[in-house]
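# A closer look at the structure
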Amino acid sequence: MADNKLVSKIPDGPLAEKWTKRKSEIRIVSPNNKRKLEVIVVGTGLGGASAAASLGEMGYNVKIFCISDSPRRAHSIAAQGGINAAKNYQNDNDSVYRLFYDTIKGGDYRSREANVYRLAEVSAAIIDQCVAQGVPFAREYGGYLANRSFGGVQVSRTFYARGQTGQQLLLGAYASLNKEIAAGTVKSYPRHEMLDLVIINGQAKGIIARNLVTGEIERFGAHAVVLATGGYGNAYFLSTNAMNSNGSAAWQCYKKGAFFANPCFAQIHPTCIPVHGEQQCKLTLMSESLRNDGRIWVPKKMEDVLKLRKHEIKPSQIPEEDRDYYLERRYPAFGNLVPRDVASRAAKERCDAGFGVNETGLAVFLDFADAIKRLGHQRVEERYGNLFQMYEKITSSSPWEEPMMIYPAIHYTMGGLWVDYDLQTTIPGLYAIGECNFSDHGGNRLGASALMQGLADGYFILPYTIGDYLSHKFAEPKTDVSAPEFDEAEKAVRERIEKLFAVKGTETVDSIHKKLGRIMWDYVGMARTEEGLKKGIEEIGKLREEFWKTVRVPGTNEEFNQELEKALRLVDFFDIGELMARDALNRKESCGGHFREEMQTEEGETLRDDKNFMYVAAWEYKGDGKEPELHKEPLQYENIKIATRNYKD
Amino acid sequence: MEYNVKVWRQKNAKSKGHFETYHVTDVEEDASFLEMLDILNDQLIREGKDPIAFDHDCREGICGACSLYIDGRAHGPDDQVTTCQLFMRHFKPGATITVEPWRSGAFPVIKDLVVDRQAFDKILQAGGFITVRAGQAQDGNAILIPHDTAEDSMDAAACVGCGACVATCKNGSAMLFVAARVSSLALLPQGKPEAARRAKAMVAKMDELGFGNCTNTRACEMECPKHVTVDHIARLNREFLKAKFSE
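Residues numbered from 1 in each chain as written. Chains lettered and ligands numbered in written order. Predicted model: local features only at pLDDT ≥ 70, side-chain atom pairs only at ≥ 80, totals over all residues.

What follows is about the sheet that holds strand β1 (residues 3-9) of chain B. Judged by pairing direction, the sheet is mixed, and its five strands sit side by side in the order β2-β1-β5-β3-β4 (chain B) without closing on themselves. The open sheet terminates on both sides in strands that have one partner only, identified here as β2 (18-24) and β4 (73-74) of chain B. (Pairing = 2+ DSSP bridges. Helix = DSSP H or I, 4+ residues; strand = E, 2+ residues; numbered from the N terminus.)

This is how it looks when you write it as structure tokens:
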């Protein structure tokens with residue numbers, strides 16, 4: 001039964017007409033009233049920057065916040081491979097329906113039909129918008145836009161700008177943002193971190209932010225708040241996320257009443273540079289686009305593996321017949337382009353069986369020898385040149401000569417704040433867009449779809465849907481930041497900060513975060529069990545206690561203090577990690593990136609339990625130290641036949 | 001491995017800075033330069049000292065946050081890398097490594113190695129965009145762009161906005177940064193209608209914010225982690241002159 005606290009507001013009617021229908025119902029705000037309305041946008045990645053720019057263009061007054069020194073540095077910038085859109089420029093019979101279908105299937109039937117269809121529907125306009133902004137997408141010799149393929153699909157619908165697509169799309173959105181800053185509709189607050197949400201009369205009305213340069217705790221009011229703060233993958237410490245990416249803004253909203261959905265759905269990306277040592281703090285992704293032409297393998301013979309580990313032979317010396325191209329062997333229809341969760345588990349399976357190719361035993365090969373032979377040096381250079389250079393700088397080994405070594409790593413979180421069809425959370429006036437919400441990717445996100453979702457939400461969805469809420473607000477005066485609710489929120493923030501300084505222990509924040517990362521990877525990682533998850537929750541609890549006894553946060557609040565920033569984020573990562581484990585424990589099925597060892601097929605594939613778990617798990621905060629309450633939003637598939645994911649034939 | 005790190009310490013924008021030398025031990029051979037600083041900071045915090053502040057984020061050479069002047073070179077002694085992609089294998093064990101912030105009047109120090117680069121944002125706000133609203137665009141394939149033109153535009157668009165060009169220029173000029181944006185957009189048909197206005201406005205803003213003039217030393221090109229070349233400065237100059245003539 002539907003939970004009465006979760007009203008998804010999915011419009012009635014045929015799938016293809018739902019968004020049109022909703023748009024026609026949405027109330028709009030007249031230009032003279034838009035001028036009276038203020039919106040806060042937190043985060044300047046693809047979602048935040050595009051939303052703020054669009055809202056500014058429409059005439060709203062926008063305040064935008066980011067933790068970096070410039071909006072341009074948000075982590076969307078690091079996305080490499082591309083952005084999907086149902087343009088069918090390749091004449092390969094692509095369509096809105098096919099993009100919708102691939103996304104639902106790729107997500108292992110755990111995302112909302114209506115949201116995903118809308119995403120596919122607006123995808124084409126994103127490409128047009130970005131071209132108009134001057135994004136230098138790759139072009140064919142005739143001047144037309146070029147495409148490539150990504151995992152989990154059989155068409156070429158991915159648009160790209162070398163291996164820097166995220167950078168170019170973000171610079172496009174950032175340019176639009178700059179245009180609006182210049183026009184005075186958007187005011188930018190760089191080096192500001194949101195530390196709390198302020199709710200007045202049950203509605204989101206502002207935020208408390210710390211000025212990261214001076215340490216001042218500042219108050220900002222608005223008629224609505226949009227969260228675009230990305231994912232929480234750094235709970236694992238080692239991930240492909242940027243060092244400062246964190247889940248705290250979303251988490252503070254959760255603690256203020258926004259439900260957190262499917263927290264256990266984390267994506268493990270198969271092609272990252274393997275961990276090199278204990279002192280490492282960041283993993284580097286090698287774009288999924290490399291799987292277009294690269295072939296993944298390990299040796300068939302254990303003797304070759306042992307020789308490789310001792311550096312007695314080079315991988316290129318192993319003859320063709322002694323190589324196990326295990327993805328091509330197991331999944332002939334999709335080969336090296338299976339979805340990320342499938343490719344990651346397959347790599348783990350080979351490494352667990354002892355065939356890992358480096359000293360740690362945790363690496364497989366990604367080989368370009370065939371591609372170089374087939375396409376020639378120049379074309380490979382054009383497609384992947386910067387990725388090859390990046391790989392060589394890090395490992396001092398050239399992919400032109402020997403295959404890359406790769407291993408899975410945490411990359412993205414599909415879970416996030418629960419939102420309805422309008423992208424509004426369970427707190428009226430609080431919206432969540434991009435990676436920070438849960439809505440579009442189910443149990444596994446397809447490659448090149450994160451950029452698509454961020455920009456779809458920011459350019460074309462949120463600016464419309466938020467109008468429905470704001471249309472009731474224009475008569476309300478500007479939010480008074482001297483209201484008692486702001487006093488209270490600011491006081492709570494100051495107490496949180498003081499509590500950290502008061503510990504005066506001996507351990508550094510990072511050293512404790514590393515321990516949390518190990519717990520998360522071991523018990524809430526690629527393979528999860530009931531026993532392990534219970535143990536994980538216990539271990540996180542113990543580590544949290546250790547943190548509050550031993551952490552040392554140097555300096556004061558009233559200065560530029562990066563240790564304080566990290567400590568505040570880590571406090572929330574303990575809680576986020578725990579909720580992830582709790583959600584994983586509840587979900588006694590395997591689907592997408594969530595793999596419960598108890599639930600697998602004879603061939604080691606995920607085994608869903610549609611009868612009992614075809615729902616969104618939305619968690620409600622009930623107080624510190626108290627168990628959160630689970631709410632279920634049943635998922636209904638009216639337009640797609642539910643099946644077992646099959647990438648074999 | 002062990003190193004001596006001679007690093008610039010400055011409490012805040014108002015205080016005077018100075019060098020301090022620290023000895024850092026147990027650095028793994030494969031560690032990156034920033035991981036070495038992480039290890040040093042861990043050491044400093046355990047000794048009850050204030051850790052060294054430095055900007056960093058993606059640690060894969062794309063966000064442009066890291067900004068260190070190492071042994072007299074922007075982003076240190078390797079070519080076409082940002083500091084986060086610099087590895088300790090480029091330094092002799094036991095060496096003394098000097099680390100400074102970007103030095104430029106337009107980039108005031110916030111703390112230690114962290115500088116304020118908002119001047120770059122302001123230059124882009126002056127005109128580094130195409131005036132198009134969401135919803136206005138025509139089909140992407142309706143604008144044909146030859147393959148090589150798109151590639152040239154992309155070469156310029158690869159700029160990460162780190163500021164190495166300014167830090168390494170004896171005049172503290174931001175010409176390469178401005179040129180990268182102007183050139184990337186001027187090459188594309190979509191960017192042409194505003195090309196002249198854009199060049200003029202961005203150059204004027206650059207001057208206003210206290211960046212120096214370009215005297216063609218090409219130091220910026222040498223140190224640019226993304227290999228943006230001075231050819232783009234030539235294109236900026238052309239756009240700028242066109243704008244002046246059309247006045």
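And the narrative resumes.
Next up on the list: helix α8 (residues 302-309) of chain A. All names here are of chain A. Of all the positions in α8, only Asp304, Val305 and Leu308 are classed as buried. Buried residues of α8, seen end-on, are gathered within an arc of 105° and therefore sit on one face of the element. For α8, exposure combined with an orientation more than 90 degrees from the buried face picks out Met302 and Glu303. Phi turns positive one or two residues past the end of α8, at histidine 311, with a value near 60°. (Buried ≥ 20, exposed ≤ 12 C-beta atoms within 10 Å, placed from the backbone. Arc of directions from axis to C-beta.)

The subject of this paragraph is the sheet that holds strand β8 (residues 217-221) of chain A. All names here are of chain A. Spatially, β6-β7-β8 is the arrangement adopted by the three strands of the open sheet, whose pairing is antiparallel. The two strands at the open ends of the sheet, each matched to only one other strand, are β6 (192-200) and β8. Each adjacent strand pair in this sheet contributes to an overall mean axis angle of 25°, direction not counted. Across eight bridges, the pairing between β6 and strand β7 (residues 203-211) is antiparallel. Looking across to β7, one finds that isoleucine 200 is bridged to glutamine 203. Packed on one face of the sheet, helix α14 (residues 484-503) meets β6, β7 and β8 and runs near 140° to β6. (Axes fitted to C-alpha atoms, helices over the stretch in contact; angles between N-to-C directions. Contact = placed C-beta atoms within 7 Å.)

Positive phi outside glycine occurs at Asn201(A), with the angle close to 50°. Residue position: Asn201(A) is located in the loop between β6 and β7. Residues other than glycine seldom take positive phi values, yet His227(B) does so here, at roughly 55°. If you trace the backbone, His227(B) turns up in the loop between α7 (219-223) and α8 (231-245). Under the C-beta neighbour-count criterion, His227(B) is labelled partly exposed, with 13 such atoms within 10 Å.

This brings us to the pairing of strand β12 (residues 295-299) of chain A. All names here are of chain A. Judged by how many residues are buried, β12 sits mostly within the fold: four of five residues are covered. The pairing of β12 with strand β13 (residues 323-324) spans two bridges and is classified as antiparallel. Each residue of the ladder has a partner; that of valine 298, found in β13, is aspartate 324.

All right, on to helix α4 (residues 96-106) of chain A then. All names here are of chain A. Counting buried positions along α4 yields eight of eleven residues, so the element is predominantly enclosed. Buried within α4 we find Val96, Leu99, Phe100, Asp102, Thr103, Ile104, Lys105 and Gly106. With its phi angle positive at about 60°, aspartate 108 sits one or two positions after the end of α4.

A separate point is the interface of chain B and chain A. With 65 residues of chain B in contact, the opposing surface of chain A contributes 68 residues. At the level of elements, α1 (33-46), β6 (109-111), α2 (118-125), α3 (147-157) and α5 (175-186) of chain B are the ones that each hand at least two residues to the side of chain B that touches chain A. Here the side of chain B that touches chain A takes six residues from α1(B), the largest share from any one element. Partitioned by chemical class, the residues of the side of chain B that touches chain A number 29 nonpolar, 19 polar and 17 charged. (Nonpolar A, V, L, I, M, F, W, Y, C, P; charged D, E, K, R; others polar.)

Looking now at the packing of helix α16 (residues 530-550) of chain A against helix α17 (residues 562-586) of chain A. Residues and elements named next belong to chain A. One way to put it is that α16 packs onto α17 with a least axis distance of 9 Å and a crossing angle of 165°. One way to sum up the angle between α16 and α17 is to call them roughly antiparallel. Crossing angle aside, the handedness with which α16 passes α17 is left-handed. Contacts from Glu530, Leu533, Lys534, Gly536, Ile537, Ile540, Leu543 and Arg544 of α16 reach α17 at Phe574, Gly577, Glu578, Ala581, Arg582, Ala584 and Leu585. Taken together, the residues that form the contact of α16 with α17 break down as eight nonpolar, two polar and five charged. (Parallel < 35°, antiparallel > 145°, perpendicular 65-115°, else oblique. Left-handed = near helix turned anticlockwise from the far one by under 90°.)

This part covers the nonpolar core. Across soluble globular proteins, nonpolar side chains show a tendency to be buried alongside one another. Core analysis: the biggest nonpolar cluster contains 290 residues, and Val226(A), Leu227(A), Leu417(A) and Val178(B) have the highest contact counts within it. Tallying contributions element by element places helix α13 (residues 450-470) of chain A first for this core, with twelve residues. Ignoring sequence-local partners within four residues, the contact set of Leu227(A) consists of Val42(A), Gly43(A), Ala249(A), Ala250(A), Cys253(A), Leu417(A), Leu430(A), Tyr431(A), Ala432(A) and Cys436(A). (Core = buried A, V, L, I, M, F, W, Y, C linked by C-beta atoms within 7 Å.)

Turning to the environment of Pro403(A), a few remarks are in order. All names here are of chain A. When you line up the elements, proline 403 lands in the loop between α12 (377-395) and β15 (404-413). The exposure class of proline 403 is buried, given the 22 C-beta atoms found within 10 Å. Separated by 317 residues in sequence, proline 403 and alanine 86 have C-alpha atoms that sit 33 Å apart. Residues in contact with proline 403, not counting those within four places in the same chain, are Pro315, Phe365, Leu366 and Asp367.

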